[in-house]
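Chain by chain, the residues:
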Amino acid sequence: DSDCFKGKWGQGNAYKERIDKLTDVTKDLRNEYGVIAIIWALHIPPYHPDLENELCLLNSEKIISAAKNSDVKVKHIFCGHIHDHDPSYQADEITIHYAGTATEFMYGSHTIHVTEVEVDSGFINTVTRYNYLHNEKSGLFELLDTVDYY
């Protein structure tokens, strides 16, 4: 039930048991603390518009569906794996944030994203990402841009 090519390397699987555990923990936290800001973190992203089949998360649509669940209501997911320096993409109402790569030898650009999450009364108002790009000449990471997500 996934569009991904089922290869041996570079993929993950959104196992039902793990999704159930993630949603159960999220629901438990919401029940215990009431309105609380929760961000999920996954290694392999559940969505990327240009993701190559061999790097995809099998059954990824189940992660997006679980995050949208009315008892869960997760609006932001942080992830890595694909080394994409583009900061984020939308999957339905969910913002998927990518970590990029600071050190991979073969990749063209090295990035760091400093992320601030503004929470008010248990709701995430803004996720601000300060995107830094490595300058090969100076050897420093320099501020590329700042992006706000609501």
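Scoring rules and cut-offs
Residues numbered from 1 in each chain as written. Predicted model: local features only at pLDDT ≥ 70, side-chain atom pairs only at ≥ 80, totals over all residues. Heavy atoms only, no water. Core = buried A, V, L, I, M, F, W, Y, C linked by side-chain atoms within 4.5 Å. Buried < 20%, exposed > 50% of the residue type's maximum accessible area, 1.4 Å probe, protein only. Helix = DSSP H or I, 4+ residues; strand = E, 2+ residues; numbered from the N terminus. Contact = heavy atoms within 4.5 Å. Pairing = 2+ DSSP bridges. Axes fitted to C-alpha atoms, helices over the stretch in contact; angles between N-to-C directions. Arc of directions from axis to C-beta.

K.L.:
Whenever I open this one, the nonpolar core confuses me. Can you help?
P.N.:
Buried together is how nonpolar side chains tend to be arranged in soluble globular proteins. Counting 19 residues, the largest nonpolar core has Trp40, Ile63, Ala67, Val74, Ile77, Ile94 and Ile96 as the members making the most contacts within it. Those elements that place two or more of their residues in this core are α2 (61–68), β4 (76–79) and β6 (94–98). The element best represented in this core is α2, accounting for 4 residues. Apart from residues no more than four positions distant in its own chain, Ala67 is found in contact with Trp40, Val72, Lys73, Val74, Ile77 and Ile94.

K.L.:
How should unusual backbone geometry be read in this particular structure?
P.N.:
Outside of glycine, negative phi angles account for most residues, and trans bonds account for most peptide bonds. Even without being glycine, Lys73 reaches a positive phi, approximately 50°. Note on placement: Lys73 falls in the loop between α2 and β4. For Lys73, a relative accessible area of 52% gives the class exposed. Although it is not a glycine, Ser121 adopts a positive phi angle of roughly 55°. Counting through the fold element by element, Ser121 comes out in the loop between β7 (111–120) and β8 (123–135).

K.L.:
What is the right way to look at the sheet that holds strand β9 (residues 140–149) in this model?
P.N.:
In a beta sheet, neighbouring strands pair by backbone hydrogen bonds and run either parallel or antiparallel. The 3 strands lie next to each other as β7-β8-β9, forming an open sheet whose pairing is antiparallel. Unpaired on one side and paired on the other, β7 and β9 mark the two borders of the sheet. Each strand of the sheet is rotated relative to its neighbour by a mean of 20°, with strand direction disregarded. Here β8 runs beside β9; their pairing, made up of 9 bridges, is antiparallel. Residue pairing for β9: Asn131 is matched across the bridge by Asp145.

K.L.:
Where do I start with the sheet that holds β6 in this structure?
P.N.:
Taken together, 4 strands build an open sheet; the order of strands is β2-β4-β6-β5 and the sheet is mixed. Edge positions in the sheet fall to β2 (40–42) and β5 (88–91), since each of these pairs with one other strand and no more. Shown here is a sheet whose adjacent strand axes are inclined to one another by a mean of 25°, direction ignored. In this sheet, β6 lies alongside β5 in antiparallel orientation, the contact comprising 4 bridges. Looking at β6, one finds that Ala91 is bridged to Ile94.

K.L.:
Can you help me understand α2 in this one?
P.N.:
Inspection of α2 places Ile63, Ile64, Ala66 and Ala67 among the buried residues, and these make up the whole buried set. Projection of α2 onto a plane perpendicular to its axis shows the buried side chains occupying an angular sector of 165°, all on one side.

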